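# Tertiary structure, described
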Amino acid sequence: MPELKVTADHLKRDAYLYVRQSTLRQVAEHGESTQRQYGLRDRAVVAGWPIERIHVIDRDLGKSGSSTTARDGFQQLVSEVALGKAGIVMGLEVSRLARNSADWHRLIELCALTATLILDEDGIYDPASFNDRLLLGLKGTMSEAELHILKARMRGGQLNKARRGELEMCPPVGAGLPERPDDRPRSRHPGAERNSSRVRYLRADRKCDADSPLLPGARFAVPAPTPDRTEQG
């Protein structure tokens, strides 16, 4: 039984459930997946943790798991494990915790060092055990490969539509949407594209970083394209 891996030492520490969806659209439309993730709390209760000592970390809803950038919830989870406060870490599947092998293996290593268990929908794993560690590593590799395959599939579809001339993309800043499907984007604001190009050239001449603020004193009107909503009521 997987529950036999849970010892009194694990139960002295708290349980942490990590909940994540990749995009806000998934949060809004894939509610069943989110409910399944929250449902893992019952597994921790069955394993022996009281409900008041099961902490849910759901600050990363709507954030990609491809890196730890802007994933405050995952960083909090790693900190709790490193401090020895976690007896078990829970996630519906490996992809919920991390889509990056480096992040995943770092978490496994910390769990092994602090004798922290990992639980997913399939069972409970002890990262200090070679067999469990091997299985967790394979799951992490498959999760990262799945993300690569999904991106390649979507990119291939875009390129295929572009070859047929059917790929629709948002027009550049300053350009309006075409009136008919076979028209080219038109300018709604005269001089907007020129101003946009001027800003880019000025920034390149000053060697500004992409994240640096706009040039001091530069005040150009560069409106972004917005769909015409007159027909939407």
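Anyway, here's the lowdown on the structure attached to this text.

## Things to note about the overall build of the chain
- Helices and strands together make up the secondary structure of the chain, namely nine helices and seven strands.
- The 233 residues of the chain split such that 32% are buried.
- Counting only contacts in the chain whose residues sit at least 6 apart along the sequence, the fraction spanning at least 24 positions is 63%.
- Carbon and sulfur atoms make up 54% of the accessible area of the chain, which amounts to about 14600 Å² in all.

## Observations regarding a nonpolar patch on the surface
- On the surface, Phe130, Leu134 and Leu138 cluster together into a nonpolar patch covering about 330 Å² of accessible area.
- Position of Phe130 relative to the elements: it lies in helix H8 (residues 130-163).
- For Phe130, a relative accessible area of 61% corresponds to the exposed category.

## Re the packing of helix H5 (residues 72-82) against helix H7 (residues 101-113)
- Between H5 and H7, the shortest axis-to-axis distance is 9 Å and the interhelical angle comes to 25 degrees. With respect to each other, H5 and H7 are oriented roughly parallel. Both H5 and H7 take part in a crossing whose hand is left-handed. Along its contact with H5, which presents Phe74, Val78, Val81 and Ala82, the element H7 presents Asp103, Leu107, Leu110 and Cys111.
- Classifying every residue of the contact of H5 with H7 by side-chain character gives seven nonpolar, no polar and one charged.

## Structural notes on unusual backbone geometry
- Although it is not a glycine, Ala115 adopts a positive phi angle of roughly 55 degrees.
- Checked against the element boundaries, Ala115 lands in the loop between H7 and strand E4 (117-120).
- Of the residues examined, Ala115 reaches a relative accessible area of 32% and is grouped as partly exposed.

## Regarding the pairing of strand E1 (residues 14-18)
- Of all five residues that make up E1, four are buried, and the element is covered over most of its length.
- Pairing between E1 and strand E3 (residues 86-90): four bridges, direction parallel. Within the sheet, the bridge partner assigned to Leu17 lies in E3 and is Met90.
- Two strands pair when backbone bridges link them, and E1 and strand E2 (residues 54-57) are joined in this way by four bridges, in the parallel orientation.

## Details of the pattern of salt bridges
- Applying the stated rule across the entire model yields 13 salt bridges.
- In this structure, the salt-bridge partner of Glu29 is Arg25, at a minimum N-O distance of 3.3 Å. Of this pair, Glu29 and Arg25 both sit in helix H2 (residues 24-29), four residues apart, roughly one helical turn.
- With its nearest N and O atoms 2.6 Å apart, the salt bridge here joins Glu121 to Arg36.

## Looking at the environment of Leu119
- With respect to the helices, strands and loops of the structure, Leu119 is situated in strand E4.
- Relative accessible area serves as the criterion here: at 1%, Leu119 is assigned to the buried category.
- C-alpha separation for the pair Leu119 and Arg43, spaced 76 residues apart in sequence, amounts to 8.8 Å.
- Ignoring anything within four residues of it in the chain, the contact list for Leu119 reads Leu40, Arg43, Ile88, Val89, Met90, Gly91 and Ile124.

## Things to note about the side chain of Asp132
- With respect to the secondary-structure elements, Asp132 resides in helix H8.
- You can call Asp132 buried: its relative accessible area is 11%.
- In this structure the side chain of Asp132 is engaged in a polar contact, spanning 2.6 Å, whose partner is the side chain of Lys5.
- For Asp132, the residues in contact, after removing those within four places along its chain, are Lys5, Ile124, Tyr125 and Asp126.

## As for the sheet that holds E1
- With mixed pairing, the five strands of this open sheet are ordered in space as E2-E1-E3-E4-E5. Each of the sheet's edge strands pairs with one partner strand only, and the pair in question is E2 and strand E5 (123-125). Direction aside, the axes of adjacent strands within the sheet are offset by 25 degrees on average.
- On the sheet, H5 packs against E1, E2 and E3 and is oriented at approximately 160 degrees with respect to E1.

Rules used throughout
- Residues numbered from 1 in each chain as written.
- Predicted model: local features only at pLDDT ≥ 70, side-chain atom pairs only at ≥ 80, totals over all residues.
- Heavy atoms only, no water.
- Helix = DSSP H or I, 4+ residues; strand = E, 2+ residues; numbered from the N terminus.
- Buried < 20%, exposed > 50% of the residue type's maximum accessible area, 1.4 Å probe, protein only.
- Contact = heavy atoms within 4.5 Å.
- Areas by Shrake-Rupley, 256 points an atom, 1.4 Å probe, with all protein chains shown as cover.
- Patch = residues over 30% accessible without salt bridge, like charges linked within 9 Å, V, L, I, M, F, W, Y side chains within 5 Å.
- Salt bridge = Lys/Arg side-chain N within 4 Å of Asp/Glu carboxyl O.
- Axes fitted to C-alpha atoms, helices over the stretch in contact; angles between N-to-C directions.
- Parallel < 35°, antiparallel > 145°, perpendicular 65-115°, else oblique.
- Left-handed = near helix turned anticlockwise from the far one by under 90°.
- Nonpolar A, V, L, I, M, F, W, Y, C, P; charged D, E, K, R; others polar.
- Pairing = 2+ DSSP bridges.
- Polar contact = N/O pair within 3.5 Å; in protein donor to acceptor, adjacent residues only side chain to side chain.

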